[in-house]
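# Structure assessment
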Amino acid sequence: MVFAHDTEIALIAAAALINTDGSDGELLGDVAALDAFFAEQGWTGRHERTDAELADVRALRPRLRELWHAEEDRVVGIVNQLLRAAQALPQLVKHDGYAYHLHATPSDAPLADRMAVEAAMAFVDVVRSNELSRLRVCAYPGCGDVFVDLSKNRSKRFCDNSCGNKAAVGAYRARKAAAGGADG
């Protein structure tokens, strides 16, 4: 494990949130989609199921995406701003069968604030561990989705198997075409 369990979960959730506005179009098109995302990512606590909450969550995505592209000092500035804006107060908590881990907002804080702070707290660990290089953008042309490379050898290049498979098929076809062109 590269990071603590809660840090990895928060980083993966942040990437998933960013990717809801990516190459596949808008995946948080309505409150029902946000409900599904909330459940899929294992979020707990307050969830108002309103258009205003949906708008706040959508507004968070560009700030989080910037973390994947920024230099360390800019990442630190964004993280500190996210923590200040939500008046984060780190504390150890235990719930839902998980061992003690950090939360920095109460469970009744607005969803977008909780998402922002969870991501910011995870980025505290990323910066302190000097691991910003683990934040990647998919290498498949035209994808643009972000991910966290948690592999031991830091070799992950694609956001998921789908992009990896498409790249492999494209490379295979290019080799076949080159071989065919050389023979004929």
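Everything in this summary refers to the structure shown in the same document. Remember, it's a predicted structure, so these values are computed and weren't measured experimentally.

## Remarks on the side chain of Thr20
As for its placement among the helices and strands, Thr20 is situated in the loop between helix H1 (5-18) and strand S1 (21-22). Setting aside chain neighbours within four positions, we find Thr20 in contact with Gly25, Glu26, Leu27, Leu28, Phe37 and Arg61.

## Brief notes about the nonpolar core
Leu64 and Trp68 are the most contacted members of the largest nonpolar core, which totals 45 residues. Looking at this core, the elements with two or more residues in it are H1, helix H2 (31-40), helix H3 (51-69), helix H4 (72-85), helix H5 (111-128) and strand S6 (146-148). With 12 residues, the single largest contributor to this core is H5. Ranked by size, the runner-up nonpolar core spans six residues in total, among them Cys138, Cys143, Phe147 and Phe158.

## Here's the deal with a nonpolar patch on the surface
A contiguous nonpolar surface patch, about 340 Å² in accessible area, is contributed by Leu92, Tyr100 and Leu102. Within the secondary structure layout, Leu102 lies in strand S4 (residues 101-103).

## With respect to the pattern of salt bridges
The final tally for this structure, using the stated rule, is nine salt bridges. With a closest N to O distance of 4.0 Å, Asp21 and Arg61 form a salt bridge. Of this pair, Asp21 sits in strand S1 while Arg61 sits in helix H3, placing them 40 residues apart in sequence. According to the relative accessible area criterion, Arg61 is buried, its value standing at 5%. Its salt-bridge partner being Arg58, residue Glu26 comes within 4.0 Å of it at the nearest N-O pair. On the criterion of sequence distance, the pair formed by Glu26 in strand S2 (residues 25-26) and Arg58 in helix H3 is long-range, its members being 32 residues apart. The network of salt bridges with shared partners includes Asp21, Glu26, Arg58 and Arg61.

## Points about the state of the cysteines
Taken as a whole and assessed by the stated rule, the structure comprises zero disulfides. Cys138 forms no disulfide, and the closest cysteine sulfur to it belongs to Cys163, at a distance of 3.8 Å. Cys143 provides the cysteine sulfur closest to Cys159, a residue in no disulfide bond, and the two sulfurs are 3.7 Å apart. By relative accessible area, Cys159 is classed as buried at 16%.

Criteria and thresholds
- Residues numbered from 1 in each chain as written.
- Predicted model: local features only at pLDDT ≥ 70, side-chain atom pairs only at ≥ 80, totals over all residues.
- Heavy atoms only, no water.
- Helix = DSSP H or I, 4+ residues; strand = E, 2+ residues; numbered from the N terminus.
- Contact = heavy atoms within 4.5 Å.
- Core = buried A, V, L, I, M, F, W, Y, C linked by side-chain atoms within 4.5 Å.
- Buried < 20%, exposed > 50% of the residue type's maximum accessible area, 1.4 Å probe, protein only.
- Patch = residues over 30% accessible without salt bridge, like charges linked within 9 Å, V, L, I, M, F, W, Y side chains within 5 Å.
- Areas by Shrake-Rupley, 256 points an atom, 1.4 Å probe, with all protein chains shown as cover.
- Salt bridge = Lys/Arg side-chain N within 4 Å of Asp/Glu carboxyl O.
- Disulfide = S-S within 2.5 Å.

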